[in-house]
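Fold and geometry: a report
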Amino acid sequence: MDRIRIRGGVPLNGTVPISGAKNAALPLMAAALLSDGPLVLTNAPDLADIETMRALLTQHGLTVVHDKVARTLTLSGAATSLEAPYDIVRKMRASVLVLGPLLARYGQARVSLPGGCAIGTRPVDLHLKGLEQLGAEVEITAGYIEARAPQGKLRGARIIFPQVSVGATENLLMAACLAEGETELVNAAQEPEISDLAMCLMRMGARIEGIGTGTLRIEGGATLRAATHPIVPDRIEAGTYACAAAITGGSLHLEGARLEHLGAVARVMRDSGVDVAETNTGLTVSRLNGLRGADVMTEPFPGFATDMQAQFMALMTVAEGASMITETIFENRFMHVPELMRMGARINFHGTSAIVRGVPKLSGAPVMATDLRASVSLILAGLAAEGETIVNRVYHLDRGYEHVEQKLAAVGAQIERLAN
Ligand SMILES: CC(=O)N[C@H]1[C@@H](OP(=O)(O)OP(=O)(O)OC[C@H]2O[C@@H](n3ccc(=O)[nH]c3=O)[C@H](O)[C@@H]2O)O[C@H](CO)[C@@H](O)[C@@H]1O
Ligand SMILES: C=C(OP(=O)(O)O)C(=O)O
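Everything numeric in this text was worked out from a predicted model, so none of it was measured.

Conventions adopted
- Every residue gets a number counted from 1 within its own chain, in the order that chain's sequence is written.
- Both sets of labels track the order of writing: A upward for chains, 1 upward for ligands.
- A pLDDT threshold of at least 70 governs which residues receive local features in this predicted model, and a stricter bar of 80 or more applies before side-chain atom pairs are shown or counted, although totals over entire chains, interfaces and linings include all residues.
- Water and hydrogen atoms were dropped before computing side-chain values, which therefore reflect all heavy atoms in the structure.
- In this text, buried Ala, Val, Leu, Ile, Met, Phe, Trp, Tyr and Cys residues form a nonpolar core when linked through side-chain atoms within 4.5 Å.
- Relative accessibility thresholds used throughout: buried, under 20% of the residue-type maximum; exposed, over 50%; partly exposed, between the two (1.4 Å probe, protein chains only).
- Per the convention used, a helix needs a DSSP run of H or I reaching at least four residues, while a strand needs a run of E reaching at least two, with both numbered from the N terminus.
- By definition, residues are in contact when any of their heavy atoms lie within 4.5 Å.
- UniProt positions are given in the numbering used here, feature names are shortened, and annotations may be inferred rather than shown by experiment.
- Working convention: axes come from line fits to C-alpha atoms, limited for helices to the stretch in contact. Angles between N-to-C directions cover 0 to 180 degrees.
- Angles are sorted into four bins: roughly parallel if under 35 degrees, roughly antiparallel if over 145, roughly perpendicular if 65 to 115, and oblique for all others.
- Working rule for handedness: look at the near helix, and if it is turned counterclockwise from the far one by less than a right angle, call the crossing left-handed; if clockwise, right-handed.
- At least two bridges found by DSSP between two strands are what make those strands a pair.
- Aromatic pairing here means that ring centres of Phe, Tyr or Trp (its six-membered ring) are within 6.5 Å. Orientation follows from the plane angle: under 30 degrees is stacked, over 60 is edge-to-face, and everything else is tilted.
- Two limits define a charge over a ring: the Lys NZ or Arg CZ must be within 6 Å of the ring centre, and within 35 degrees of the ring normal.
- By convention in these notes, a residue is near a molecule or strand provided one of its non-hydrogen atoms lies within 4 Å of it.
- In the analysis that follows, any N or O atom pair within 3.5 Å is treated as a polar contact, provided that within protein one partner can donate a hydrogen and the other can accept it, and provided that, for residues neighboring in sequence, both atoms belong to side chains.
- Per-residue and other accessible areas were derived by the Shrake-Rupley procedure at a 1.4 Å probe size, with only the shown protein chains allowed to occlude residues.
- In the scheme used here, Gly and all other residues not listed as nonpolar or charged are polar, with Ala, Val, Leu, Ile, Met, Phe, Trp, Tyr, Cys and Pro taken as nonpolar and Asp, Glu, Lys and Arg as charged.

1. Here we look at the nonpolar core
Ranked by internal contacts, the top residues of the largest apolar core, which has 79 residues, are Leu-173 and Leu-201. The greatest single-element share of this core, amounting to eight residues, is contributed by helix α6 (residues 166-178). The contact partners of Leu-201, leaving out residues within four places of it in the chain, are Ala-31, Leu-34, Leu-173, Met-174, Cys-177, Ala-206, Ile-208 and Leu-224. Ile-247, Val-276, Ala-305 and Val-367 belong to the second largest nonpolar core, which has 73 residues in total.

Structural data, given as structure tokens:
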């Protein structure tokens with residue numbers, strides 16, 4: 001498995017282009033199952049997860065062309081298989097997003113249960129209960145979700161989510177577009193990726209109100225058609241490079257990033273002494289003076305994103321004073337902590353909270369990457385550390401960060417990938 005070698009201590013300066021968001025692209029690709037298309041997605045990132053979704057949709061019978069030069073994904077055709085097999089679903093949880101579209105359009109689907117992952121158990125009960133409220137009959141057999149719509153059609157309903165779920169909101173939103181009658185999704189997730197999906201569905205002919213709020217109203221029964229949609233820039237990638245500028249005491253222009261999509265992340269970074277300025281083409285993030293500790297609690301959007309928790313913790317390891325970081329979304333998302341401690345970070349954690357006491361300098365060390373955001377937090381720590389850091393087992397990184405070493409090297413980082 002590849003490793004990444006970093007020689008730290010160099011302030012990063014220059015421009016980083018922000019790619020299209022992984023977490024927007026995956027549901028948008030699943031939405032292609034709702035029509036024969038073609039659905040053309042522009043600003044498509046080149047990521048392992050995109051390839052996994054392409055493989056999944058291809059085995060369902062769609063034609064998926066990923067033009068990496070033009071940065072477009074073109075998806076077309078009808079499904080010939082309604083089964084999402086374990087071998088693909090186990091690689092990527094977002095695979096479960098084919099369930100709603102397949103069921104709504106073809107009246108049935110068989111999708112492997114995604115199971116847990118490094119950051120938590122991640123059940124899909126909210127997806128399944130919501131689909132049942134749309135009239136589906138759902139059974140779990142031999143590790144597979146088997147769902148059927150009586151008479152081949154789902155019907156609209158008022159669904160109140162007991163807890164905010166990004167994936168369940170996306171699955172239900174897509175299914176509701178083809179269900180008969182009106183659906184209301186209450187306590188829906190409000191992440192920018194949900195709005196991006198809703199905007200794309202509207203371009204395909206869906207009727208949706210309340211985009212960007214916690215209540216989505218969908219007038220179902222539409223026949224969806226071909227459309228072209230630009231994938232929203234990746235706010236988590238932008239937040240990660242913002243931390244790279246801040247942790248190295250540099251200044252980066254994040255081309256394409258949008259301040260309103262960073263939510264609480266931008267506010268907390270400013271509180272800790274980082275300058276975040278909006279420009280005509282993106283955001284400029286710089287740090288000239290010292291960093292101050294800050295307390296954060298992860299929350300659904302517009303709260304502090306759980307997908308930024310590990311990167312922010314890396315930043316706080318070199319801030320002055322203490323920071324309390326509380327993870328409320330996933331039960332096991334502190335796996336970067338022992339690895340950061342190997343680099344000299346002072347962190348105590350118990351249950352869902354970690355207290356980080358800033359140190360003047362981290363020191364380079366061999367460390368092990370465990371999940372996507374943990375992996376990149378170790379890269380951030382390595383960029384600030386004295387000496388050499390080797391991040392082992394980086395395959396998670398390629399799931400969600402496009403050309404990360406090239407982007408960092410282009411702004412001055414001493415970083416290289418070592419093949420196995
Ligand atoms: C591909 C994608 O977009 N992934 C993102 C998505 O994941 P994902 O869609 O899996 O995350 P959810 O918002 O659904 O999960 C939030 C919480 O709800 C729980 N839950 C969720 C569904 C369910 O049926 N039952 C249940 O209990 C989860 O275990 C978790 O504790 O949102 C997360 C929260 O912002 C992000 O960290 C992920 O990067
Ligand atoms: C947890 C993440 O992704 P996924 O939901 O695909 O595991 C992430 O993007 O940080």
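2. Observations concerning the UniProt feature "binding site: UDP-N-acetyl-alpha-D-glucosamine" (unreviewed entry) in the protein chain
Under the present numbering, the feature "binding site: UDP-N-acetyl-alpha-D-glucosamine" (unreviewed entry) in UniProt falls on Arg-93, Arg-122, Pro-123, Val-124, Asp-125, Leu-126, Asp-307 and Ile-329. Within the element layout of this structure, Arg-93 appears in the loop between α3 (86-89) and α4 (99-106). Every residue in contact with Arg-93, bar those within four places of it in the chain, is listed here: Pro-114, Gly-115, Gly-116, Cys-117, Thr-121, Arg-122, Pro-123 and Val-124. Inspection of the secondary structure assignment puts Asp-125 in helix α5 (residues 125-133). Asp-125 sits in the partly exposed class, given a relative accessible area of 33%.

3. A look at α5
Considered for burial, the residues of α5 that qualify are Leu-126, His-127, Leu-128, Gly-130 and Leu-131. Of the surrounding elements, those touching the buried residues of α5 are α4, β8 (137-141), β9 (144-148), β10 (158-160) and α6. Two residues or fewer after α5 comes Gly-135, characterised by a positive phi angle close to 100°.

4. Some points on the packing of α5 against α6
The N-to-C vectors of α5 and α6 enclose an angle of 25°; their axes lie 8 Å apart at closest approach. Of the possible angle classes, the one that applies to α5 and α6 is roughly parallel. Between α5 and α6 lies a crossing whose hand is right-handed. Facing Leu-126, His-127, Gly-130 and Leu-131 of α5, the residues of α6 in contact are Gly-167, Ala-168, Asn-171, Leu-172 and Ala-175.

5. Looking at the UniProt feature "domain: Enolpyruvate transferase" (unreviewed entry) in the protein chain
The residues that UniProt annotates with the feature "domain: Enolpyruvate transferase" (unreviewed entry) are residues 7-408. For the annotated span residues 7-408, helix accounts for 33% and strand for 24% of the residues, and the straight-line distance between the end C-alpha atoms is 12 Å.

6. As for the sheet that holds strand β2 (residues 13-17)
Across the sheet, which stays open at both edges, the four strands sit in the order β2-β15-β17-β16 with mixed pairing between neighbours. Of all strands in the sheet, those with a lone pairing partner are β2 and β16 (275-278), marking the two edges. Averaged over all neighbouring strand pairs, the angle between strand axes comes to 20°, with direction disregarded. When strand β15 (residues 251-255) meets strand β17 (residues 282-286), the two strands line up antiparallel, connected through five bridges. Bridging from a neighbouring strand, Leu-254 pairs with Leu-283 of β17. In the packing of helix α8 (residues 235-248) onto the sheet, contacts are made with β2, β15 and β17, and the angle to β15 comes to roughly 165°.

7. Brief notes about the packing of aromatic side chains
According to the stated counting rule, one finds two aromatic pairs in the structure shown. Ring centres of Phe-334 and Phe-349 lie 5.7 Å apart, and the angle between their planes is 70°; on these two criteria the pair is classed as edge-to-face. Of the two residues, Phe-334 sits in the loop between β19 (322-326) and α12 (336-342) while Phe-349 sits in strand β20 (residues 346-350), which places them 15 residues apart along the sequence. The ring centre of Tyr-144 lies 4.0 Å from the NZ or CZ of Arg-110, which sits over that ring.

8. Concerning the site of ligand 2
Surveying the vicinity of ligand 2 reveals the residues Lys-22, Asn-23, Ile-119, Arg-122, Asp-307, Arg-333, Leu-372, Arg-373 and Arg-399. In this structure, Arg-122 approaches ligand 2 through a side-chain N or O atom, which is 2.7 Å from an oxygen atom. Note that an oxygen atom of ligand 2 is positioned 3.2 Å from one of the side-chain N or O atoms of Asp-307. Considered on its own, ligand 2 offers 300 Å² of accessible surface; in the complex 87% of this is hidden by protein. At the level of secondary structure, the elements contributing two or more residues to the shell around ligand 2 comprise α1 (22-31) and α13 (372-384). Considering only residue class, the shell around ligand 2 consists of two nonpolar, one polar and six charged.

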